[in-house]
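Inside the fold
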Amino acid sequence: MSAIETRPIRATETLDLRHRILRPHDPVILPTPGDTKPGALHIGCFVNGRLVGVGSLVPEPRDHAAQPTSWCVRGMAVLADARGIGAGGMILQALIDYASAQSLPAEIWCHGRVSAQGFYERYGFAQQGALYERPGTGLHALMVKMLQ
């Protein structure tokens, strides 16, 4: 039986998986400016001590936000051999729990790849607006979840 756990990690620990999974064609992936904002959280999922997934949450306003506080999910990435064991869900739930424990009401949102849209919907996110292309990463949907 595999031991699966999630825990906070440093922003720099997310970079390798972000690069390999989300942007493998880029020569290098750098931290985003939001990675070091006060209040940012980076979660790693470990299976038997091996980092298999990452996700980040940063305080970031969104145009036309329905709530006074906005949190952006970024860099959700799980290794192919660890998909289907709940790693991504554990990461996303930890990010939702963190945002929910802060100032409410709030919203949590992301630019979700269309291939992950169903995943976000299972956690209460809903698409807002039309699908759109993000350069270098394909078709995306703005996914938003209200936190009360």
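The structure this text deals with has already been given above.
Here we summarise the structure given alongside this text. Bear in mind the structure is a predicted one, so any value in this text is a computation, not a measurement. (Residues numbered from 1 in each chain as written. Predicted model: local features only at pLDDT ≥ 70, side-chain atom pairs only at ≥ 80, totals over all residues. Heavy atoms only, no water.)

**Quick look at the sheet that holds strand β7 (residues 138–147)**
The condition that has to hold: In this analysis, strands are considered paired if DSSP registers two or more bridges between them. By definition, any uninterrupted DSSP run of H or I lasting at least four residues is a helix, any uninterrupted run of E lasting at least two residues is a strand, and each is numbered from the N terminus. Helix axes are fitted to C-alpha atoms over the stretch in contact, other axes to C-alpha atoms as well, and angles between N-to-C directions run from 0 to 180 degrees.
Read from one edge to the other, the open sheet built from seven strands follows the order β1-β2-β3-β4-β5-β7-β6, with strand pairing classed as mixed. Bordering the open sheet on either side are β1 (4–8) and β6 (126–134), each of which pairs with just one other strand. Each neighbouring strand pair of the sheet contributes to a mean axis angle of 20°, computed without reference to strand direction. Of the pairings in the sheet, the one linking strand β3 (residues 50–59) to strand β4 (residues 69–78) comprises six bridges and is antiparallel in character. Residue pairing for β4: Val-54 is matched across the bridge by Ala-77.

**What to know about the environment of Leu-142**
Stated precisely, the cut-off is as follows: Contacts were defined at the residue level, with two residues in contact if any of their heavy atoms lie within 4.5 Å.
With respect to the helices and strands, the residue Leu-142 is situated in strand β7. In the structure, Leu-142 is positioned 17 residues away from Phe-125 in sequence and 9.3 Å away in space, judged by C-alpha atoms. Beyond its immediate stretch of four places on either side in the chain, Leu-142 contacts Arg-62, Trp-109, Cys-110, Ala-126, Gln-127, Gln-128 and Tyr-132.

**Observations concerning the nonpolar core**
The following threshold applies: For the purposes of this section, nonpolar cores are sets of buried Ala, Val, Leu, Ile, Met, Phe, Trp, Tyr and Cys residues that join through side-chain atoms within 4.5 Å. Note on exposure labels: buried denotes an accessible area under 20% of the residue type's maximum, exposed denotes more than 50%, and partly exposed covers the range between, all computed with a 1.4 Å probe on protein chains only.
Grouped together as the largest cluster of nonpolar side chains are 34 residues, with contacts concentrated most on Val-73, Met-76, Leu-92, Leu-95, Ile-108 and Tyr-120. For this core, the element with the highest residue contribution is helix α2 (residues 87–100), accounting for seven residues. The next biggest cluster of nonpolar side chains, apart from the first, holds five residues, and it includes Cys-72, Trp-109, Leu-142 and Val-144.

Scope: geometric values only; no functional claims are made or implied.
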